Amino acid sequence: MGVSDEPTGYRAIPSVAAVIDALAPLDHAIRPELAVALINESLQEARRRIAVGESLTREQILESVQGRLAAMRMHRLARVLNGTGIVIHTNLGRAPVSTETARAMAEAAASAVPLEIEPATNERGGRMREISELVHLLAGSEAVLVVNNNAAAVLLVLASLAGGREVIVSRGEAVEIGGGFRIPDVMRQSGAQLIEVGTTNRTYARDYERAIGPDTAAILKVHPSNFHMTGFIATPATEDLTALGGTHGIPVIEDLGSGALLDSARFGIAHEPTVSESLAAGVSIVTASGDKLLGGPQAGIIAGNRDLVTTIAAHPLARAVRADKTCLAGLAATLRHYLRGDAAERIPVWRMISAALDELQRRADRIIAGVPAPGLMLERVETRSSVGGGALPGQEMPSVGLRLSPMSDSVSADHLARLLRTHRPVALFCRVQHNAVVIDLRTILPEDDATLIDICREVAGRL
Ligand SMILES: *Cc1c(COP(=O)(O)O)cnc(C)c1O
């Protein structure tokens, strides 16, 4: 096809040299040959779009190239404030860790650490030693294995203890947790066979008992996480299941999900099962996430019976999902908060859950006074926060928020929310309700209030 036959749209596409001229000067964040490669790719993309009939102006093409170069320079996982009111927000990276934990993680990441060596003897030592001792004291486990996340923990436990054999699960617990984690699928991947018992709403210990046979490897109890049933429901007490398991010589495994080490009922919300309760009830192996209610780094914690943990650790998958030094250092630092008894004061997740309403109100008033913004109306409002992360579904905490309404009718709340989400260097995520932006203060730590004021002021100035 000759040039003259081409649709005029193709003529809108500039040469690479013309783009470089238009965008000059290129900075040092991207090596010149990589910038050229990126420009080429963008121009090819423009060509494809024109080929399918889109009409693009030269200006639009230059803008999109510029956008890609700018995005490439930017650190996407930069700090944002979580004004959503959801404490453990999966899309915002779940639990933020304490200052002490962040410091321990940064230090381990940047240096050599005695991960698998005993300093006193210079002999090879256990990677899990420190964490095992901490979890033993805090929750009563005999042994611990830490892997990348709880999904890996469940998969590894099932593969190592029940591969090729049967695992009994209540029909009401054969659930999907979210993010593609579905108990029946994980079971299949592990090589274990799922034996569902009971009904969706009611399962009794005798249902489990009837399903026990020569191929039964374990009974699995699963925290239904985001899924909550009320009404005509029944599940056996954990003690009844462990008694049954004991009689038949079958281990009971419990996937706790959040796996709290503090009693959430202390803070006016429902009680989330704890690791120690589960172990005290006779569960052989408990699995839990590190970055939900524990409030630490992403990790999967496998705790319980020593012989079983040894078997689990010896499975080839264990090596594939093992936790790194940064995670282990962070988890140990987090567990030390529970050891000292300052978890509620130092771990962000618990600080947010335990924040008192009158304190949130005082902060709201101070922030409103700190943002003299002609383009923006700020008001204190009552909100409802939730824990998130699959813990305590349906449980809400009364909270305090700031409602930001643009003074001009031509500015929508969605536009304002977008300005906040894309703000630099620190962005803010919030809710949009009834054409107003609502920032829940429970999920923003008080030390970030000054940053919040800066963001609001700056964004108000741009309206
Ligand atoms: C969250 C959750 C998982 C998955 O844990 P990750 O740490 O996200 O891998 C598994 N089981 C339950 C019950 C959960 O709540």
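Everything numeric in this text was worked out from a predicted model, so none of it was measured.

### Topic: the overall build of the chain
- For the chain, the helix and strand inventory stands at 18 helices and 18 strands.
- Taken along its principal axes, the extent of the C-alpha atoms in the chain is 80 × 60 × 55 Å.
- Burial status across the chain gives 48% buried among its 463 residues.
- Considering only intrachain contacts with a sequence separation of at least 6, the fraction spanning at least 24 residues in the chain is 74%.
- Carbon and sulfur atoms make up 51% of the accessible area of the chain, which amounts to about 22,500 Å² in all.
- A gap of 3 Å separates the mean positions of the 46 positive and 52 negative side-chain charges of the chain.

### A look at helix 11 (residues 306-314)
- Looking only at helix 11, the buried set comprises Leu308, Val309 and Ile312. Buried residues of helix 11 fall within an arc of 100° about the axis and therefore sit on the same side. Along helix 11, exposed side chains directed more than 90 degrees from the buried face belong to Asp307, Thr310 and Ala314.
- Packed against the buried residues of helix 11 are strand 5 (143-147), helix 6 (150-162), strand 12 (285-289), strand 13 (300-304) and helix 12 (316-320).
- The backbone nitrogen of Asp307 lies 3.0 Å from a side-chain oxygen of the residue at the head of helix 11, namely Asn305.

### A closer look at unusual backbone geometry
- In the segment running from Arg424 into Pro425, the intervening peptide bond is cis, with an omega of 0°.
- Here Pro425 shows up in the loop between helix 17 (413-421) and strand 16 (427-429).
- One non-glycine residue, Arg94, adopts positive backbone phi at about 60°.
- Arg94 sits in the partly exposed class, given a relative accessible area of 25%.
- The phi angle at Asn122 is positive, at roughly 65°, despite the residue not being glycine.
- Tracing the chain through its elements places Asn122 in the loop between strand 3 (117-118) and strand 4 (123-124).
- Of the residues examined, Asn122 reaches a relative accessible area of 60% and is grouped as exposed.

### So, the domain arrangement of the chain
- Looking at the assigned domains, one finds that the chain contains domain 1 (3-73), domain 2 (80-90 + 352-460) and domain 3 (98-346).
- Taking only C-alpha atoms, the centre of domain 1 and the centre of domain 3 are 51 Å apart.

### A look at the site of the ligand
- The immediate surroundings of the ligand are formed by Arg94, Asn149, Asn150, Ala151, Ile177, Phe181, His223, Ser225, Asp255, Gly257, Ser289 and Lys292.
- With respect to the ligand, the side chain of Ser225 contributes an N or O atom lying 2.5 Å from an oxygen atom.
- Note that an oxygen atom of the ligand is positioned 2.6 Å from one of the side-chain N or O atoms of Ser289.
- For the ligand, the protein covers 93% of the area, taking 380 Å² as the surface of the free molecule.
- For the shell around the ligand, the secondary structure elements donating two or more residues are helix 6 and strand 11 (252-257).

### What about the environment of Val275?
- Residue position: Val275 is located in helix 10 (residues 275-280).
- Measuring from C-alpha to C-alpha, the distance between Val275 and Gly140 comes to 8.5 Å, with 135 residues separating the pair along the chain.
- Not counting chain neighbours up to four residues away, the residues in contact with Val275 comprise Ala139, Leu256, Gly259, Ala260, Leu261 and Val286.

### Considerations on the packing of aromatic side chains
- Evaluation of the coordinates by the stated rule reveals one aromatic pair.
- A cation over an aromatic ring shows up here: Arg202 above the ring of Phe232, its NZ or CZ 3.7 Å from the ring centre.
- The side chain of Arg206 reaches across the aromatic face of Tyr204, ending 4.4 Å from its centre.

Thresholds, definitions, all that
Residues numbered from 1 in each chain as written. Predicted model: local features only at pLDDT ≥ 70, side-chain atom pairs only at ≥ 80, totals over all residues. Heavy atoms only, no water. Helix = DSSP H or I, 4+ residues; strand = E, 2+ residues; numbered from the N terminus. Buried < 20%, exposed > 50% of the residue type's maximum accessible area, 1.4 Å probe, protein only. Contact = heavy atoms within 4.5 Å. Areas by Shrake-Rupley, 256 points an atom, 1.4 Å probe, with all protein chains shown as cover. Lys, Arg positive; Asp, Glu negative; His and termini not counted. Charge placed at Lys NZ, Arg CZ, Asp CG, Glu CD. Arc of directions from axis to C-beta. Polar contact = N/O pair within 3.5 Å; in protein donor to acceptor, adjacent residues only side chain to side chain. Domains from an automatic or database assignment. Near = heavy atom within 4 Å. Phe/Tyr/Trp six-rings, centres within 6.5 Å; stacked < 30°, edge-to-face > 60°. Lys NZ or Arg CZ within 6 Å of the ring centre and 35° of its normal.

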